[in-house]
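For reference, the chains in residue letters:
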Amino acid sequence: METAIDVSGLVKTFGRTRALDGLDLTVRTGEVHGFLGPNGSGKSTTIRVLLGLLRADAGAVRLLGGDPWRDAVALHRRLAYVPGDVTLWPNLSGGEVIDLLGRLRGGLDPKRRAELLESFELDPRKKGRTYSKGNRQKVGLVAALASDVELLILDEPTSGLDPLMEEVFQHWVRRARQDGRTVLLSSHILAEVEALCDRVTIIRAGRTVESGTLGDLRHLHRTAIDAEVTAPLDGLADLPGVHDLRVEGQRVRFDVDTASLDAALRRLTELGVRSLVSTPPTLEELFLRHYETASSSDAASSSGVARPETADRS
Amino acid sequence: MSALTGTRHLVRLMLRRDRLLLPLWVLVLAVLPMTYAASFFELFPTAAERAAYLEGTARNPSIVALLGPAYGDSVGGLTAQRSGFLLLIVALASLLTVIRHTRTEEEAGRRELLGGSVLGRHAGLTAALLVTYAADVVLGLLTAAGLVSTGLPVGGSVAYGLVTVLTGVVFATLGGLAAQLTETAGGARGIGLAGLGAAFGLRLAGDTAGNDWPSWLSPLGWGARVRPYEGERWWVLLLPLAATVLLAALAYPVSVRRDLGAGVLPPRLGPATAGGALSGPFGLAWRLHRGQILWWSVGFGLLGLILGGAAEAAGRSVEGSPRMEEIVARLGGASGMADAYLGVTLSLAGLAAAGYGIQAALRMRAEESAGHAEPVLATGTRRSTWLLSHVAFALLGPVVVLAVAGLTTGLTYGLSTGDVPRQLGRMLAAGLAQVPAAWVLAGLAVLLYGLLPRLASAAWVVLAVCVLLGQLGAVLELDQWLLDVSPFTHTPQVLRDAWTPTPLYVLTALAVTLATTGLLTFRRRDIPVL
């Protein structure tokens with residue numbers, strides 16, 4: 001089986017809100033796939049459709065070769081899920097929850113369970129109501145990572161973890177990939193995505209805006225150039241693919257599309273280069289470009305997506 | 001910083017959060033006594049008619065069991081008795097309001113948000129009590145003014161208004177104490193409701209038996225003993241005042257000694273691994289429901305012991321009233337009277353058991369809203385299995401508690417009449433006969449949960465309608481078709497000689513249909529619906 005998850009044209013509406021609007025997502029078997037997008041862009045909704053909890057209104061969804069709505073139970077035995085906000089039963093201990101979820105999935109590896117508890121420094125004897133946010137996430141992570149499953153679906157799993165635990169988490173995700181598991185990782189933490197993900201999909205307002213390896217994505221974007229030249233500046237502004245040209249005496253700064261990089265550098269060397277700094281696009285820039293557009297134009301359509309933490313318990 | 005710093009801000013915050021709920025219950029509860037008075041003026045204008053009502057209805061043991069005693073045939077006296085059940089609701093509303101603003105807030109972590117700002121250690125409890133006391137005072141003022149406006153004497157109206165205020169105040173303070181004892185709002189509500197149930201049980205036992213000393217121990221019994229409109233005994237009002245001071249004196253030291261978020265007892269560590277029982281959806285459901293089923297059984301057991309013990313006396317209590325003796329003779333003598341009394345009390349137990357069934361069914365809604373259902377349903381657990389694991393408790397729970405109530409009633413009643421084996425069997429049958437009607441309401445809760453999860457708690461409204469129809473329908477002389485809406489109207493009187501089981505089969509089939517439809521709709525809907 002080549003692809004673990006194959007989603008195309010997925011649509012999901014809640015009343016008048018169109019939470020997913022023709023979303024595409026392909027996750028290959030054995031890869032760690034980053035799933036990114038601003039708050040309310042539909043990541044959790046997509047994951048719930050993949051889990052057969054929400055029923056798709058339109059589009060094709062295949063998960064591990066099956067239909068997530070029809071074959072939910074059979075598929076669930078082959079995957080483990082960690083929600084973005086793990087809530088625990090107040091009167092069950094963490095260890096009990098880990099074992100219960102493991103058993104409901106069809107058993108977990110006791111040796112790995114012990115290893116995970118040790119490396120996450122989690123006391124499994126505490127009752128659910130006494131765990132902090134980070135420790136609740138750890139309970140969910142231990143339960144999922146100790147299970148013998150093909151696919152891990154992690155929805156912002158490290159929210160509330162400290163940097164040390166973030167390292168531990170990354171170690172275990174790498175180990176899961178070495179064991180041949182597939183991981184779908186929804187995340188906001190760029191360092192985490194950069195460190196772990198083979199490929200990423202970025203969504204906005206329920207639609208896929210970009211998908212590919214981080215290298216691919218960088219390739220689509222501009223490199224920043226900061227140079228000092230000897231000859232008077234001439235002929236750069238006319239080149240295709242050069243943007244935001246700023247000239248201060250001998251100093252010249254501009255952004256250039258990857259496709260036009262070669263031509264722009266040739267022109268610079270003709271002018272005589274005294275110094276040159278070229279900065280490849282950072283992941284932050286990739287994100288911010290998508291996120292900023294999202295918050296300005298799609299704020300209205302991205303509200304109303306079901307999230308557990310909005311439940312009012314008063 | 002004084003211990004009360006910030007109380008004023010908290011009071012304002014609570015009033016704002018409760019700006020709908022609080023005025024609503026205050027207003028509804030204030031209007032009802034007035035309408036009772038108006039209808040007595042209209043229906044029984046002469047003293048002779050009221051005397052007949054007093055002997056025929058107001059002193060009927062089952063009415064006394066529900067509402068409390070009637071001391072005379074003045075319109076005011078009869079109105080005060082009719083409003084007796086409202087005191088229970090005032091107590092309940094006050095209790096829950098205080099817990100809502102103390103322990104629920106703490107459990108949700110919202111109090112921590114405020115605790116970081118300038119707040120004295122007593123501010124939370126004090127503010128919640130002040131808000132609730134104020135609501136009770138407003139309720140009392142409106143009640144008294146409403147009663148005076150119908151033409152009733154001022155003295156009695158003020159006495160009844162004070163009874164309303166102080167009943168609310170006692171139970172608000174009890175809620176304040178309960179909120180300090182446990183870590184969870186559910187636990188605090190449990191303690192508070194147990195206290196309320198005990199007070200009701202004592203009042204019921206005292207009012208229906210020959211000797212009324214148990215009623216003097218119950219905050220719900222003091223109201224009637226002030227005797228509004230029937231020669232007010234103002235000194236009785238000192239009892240709720242003393243009880244309030246006592247409860248507050250217990251609650252405040254506890255509130256100071258414990259940490260924010262903690263109860264009195266420190267939380268114990270749990271097991272590091274799950275036991276063998278916690279291995280499937282049913283094992284999980286058992287863990288979530290076992291405390292409830294235990295406490296409900298204990299409550300029903302105690303109630304059964306009290307009611308069964310009081311039944312024989314209730315059968316004899318009508319001696320001396322020629323009209324009642326005539327009715328009793330038609331029912332088959334004193335034992336027939338006791339049976340009628342036990343039938344009524346066990347049907348009340350049936351209503352309570354329906355409440356338990358609804359509560360157990362709505363646990364699913366709580367699990368879904370809290371985000372507990374989602375991870376479980378993302379495992380190899382079928383939706384139908386998960387639903388059935390909870391529905392099992394919604395259906396079997398009422399069977400267990402009603403069997404307990406029937407057996408304990410049969411035990412103490414059998415002891416008082418000297419034929420335990422026979423009464424055990426009869427009372428068990430009479431208790432279990434209530435099960436199908438309770439199932440209908442539990443089934444309705446399951447249906448609502450599957451079909452309209454956001455409105456699932458409407459099942460409580462339906463139960464409230466059933467309580468009103470069953471308990472007040474006959475008094476208000478409502479049409480039969482309206483009474484037939486309640487499944488409890490169809491439950492046969494098992495303690496009478498001739499009864500047919502057909503309605504039980506029909507009710508069971510209806511309950512199964514409702515629950516099955518709930519299951520089918522649940523399998524097809526989105527999760528979670530928030």
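An unreviewed UniProt entry lists chain B under the name ABC-2 type transport system permease protein, with Micromonospora tulbaghiae as the source organism.

In the annotation of an unreviewed UniProt entry, the entry for chain A reads ABC-2 type transport system ATP-binding protein, and the organism field reads Micromonospora tulbaghiae. Recorded in UniProt under Sequence similarities (unreviewed entry), the annotation for chain A is "Belongs to the ABC transporter superfamily." Taken from UniProt, the Subcellular location (unreviewed entry) comment for chain A reads in full: "Cell membrane".

A. The arrangement of the environment of Ala-498 of chain B in detail. Mapped onto the secondary structure, Ala-498 of chain B falls in the loop between helix H23 (480–483) and helix H24 (502–524). Sequence separation between Ala-498 of chain B and Ser-149 of chain B is 349 residues, and the spatial gap between their C-alpha atoms is 49 Å.

B. Representation of the domain arrangement of chain B. Domain assignment breaks chain B into domain 1 (1–263) and domain 2 (281–530). Domain 1 of chain B and domain 2 of chain B are separated by 26 Å when their C-alpha centres are compared.

C. Examining the interface of chain A and chain B more closely. Residue-level contacts link 36 residues of chain A with 33 residues of chain B. For the side of chain A that touches chain B, the secondary structure elements donating two or more residues are helix H2 (72–76) and helix H3 (94–105) of chain A. Taken together, the residues of the side of chain A that touches chain B sort by class into 16 nonpolar, 8 polar and 12 charged.

D. Quick look at unusual backbone geometry. In this structure, Pro-528 of chain B follows Ile-527 of chain B across a cis peptide bond, with omega equal to -5°. For Pro-528 of chain B, the location among the structural elements is in the segment after H24. Its identity as a non-glycine residue notwithstanding, Ala-205 of chain A has a phi of 50°, on the positive side. Here the phi dihedral of Tyr-229 of chain B falls at roughly 70°; this positive angle occurs in a residue that is not glycine. One can find Tyr-229 of chain B in the loop between helix H13 (219–225) and helix H14 (238–257). For Tyr-229 of chain B, a count of 24 C-beta atoms within 10 Å puts it in the buried group.

E. Looking closely at the confidence of the model for chain A. Confidence in the prediction for chain A averages 86 pLDDT; 92% of positions are at 70 or higher. Confidence over residues 296–314 of chain A falls short of pLDDT 50; this stretch has 32 contacts with residues more than four positions distant or in other chains.

F. Summary view of the pairing of strand S6 (residues 151–155) of chain A. Residue and element names in this part refer to chain A. Where burial is concerned, most of S6 is hidden: 5 out of the 5 residues are buried. Alternating positions in S6 separate into two faces, Leu-151, Ile-153 and Asp-155 on one and Leu-152 and Leu-154 on the other, with burial throughout. Where strand S5 (residues 79–82) meets S6, 4 bridges bridge the pair, whose relative direction is parallel. Looking at S6, one finds that Leu-79 is bridged to Leu-151.

G. Representation of the domain arrangement of chain A in the model. One can read the domain layout of chain A as domain 1 (3–78 + 150–217) and domain 2 (222–279). Computed over C-alpha atoms only, the centres of domain 1 of chain A and domain 2 of chain A are separated by 39 Å.

H. Broad picture of the sheet that holds strand S9 (residues 207–213) of chain A. All names here are of chain A. The strand order across the open sheet formed by 6 strands is S5-S6-S7-S3-S8-S9, and the pairing between neighbours is mixed. Two strands in the sheet have a free side with no partner beyond their single neighbour: S5 and S9. Mean inter-strand twist for the sheet, computed between neighbouring axes without regard to direction, equals 15°. As paired strands, strand S3 (residues 32–36) and strand S8 (residues 199–204) are joined by 4 bridges and run parallel to one another. Within S8, the residue paired with Phe-35 across the bridge is Thr-201. Contacts between helix H1 (residues 43–50) and the sheet are confined to S3, S6, strand S7 (182–186) and S8, with S6 contributing the most and set at about 150° to the helix. Each of S3, S6 and S7 touches helix H6 (residues 163–178); the most contacted strand, S7, lies at about 145° to it.

How each quantity is defined
- Residues numbered from 1 in each chain as written.
- Chains lettered and ligands numbered in written order.
- Predicted model: local features only at pLDDT ≥ 70, side-chain atom pairs only at ≥ 80, totals over all residues.
- UniProt positions renumbered as here; feature names shortened; annotations may be inferred.
- Helix = DSSP H or I, 4+ residues; strand = E, 2+ residues; numbered from the N terminus.
- Domains from an automatic or database assignment.
- Contact = placed C-beta atoms within 7 Å.
- Nonpolar A, V, L, I, M, F, W, Y, C, P; charged D, E, K, R; others polar.
- Buried ≥ 20, exposed ≤ 12 C-beta atoms within 10 Å, placed from the backbone.
- pLDDT = per-residue confidence, 0-100.
- Pairing = 2+ DSSP bridges.
- Axes fitted to C-alpha atoms, helices over the stretch in contact; angles between N-to-C directions.

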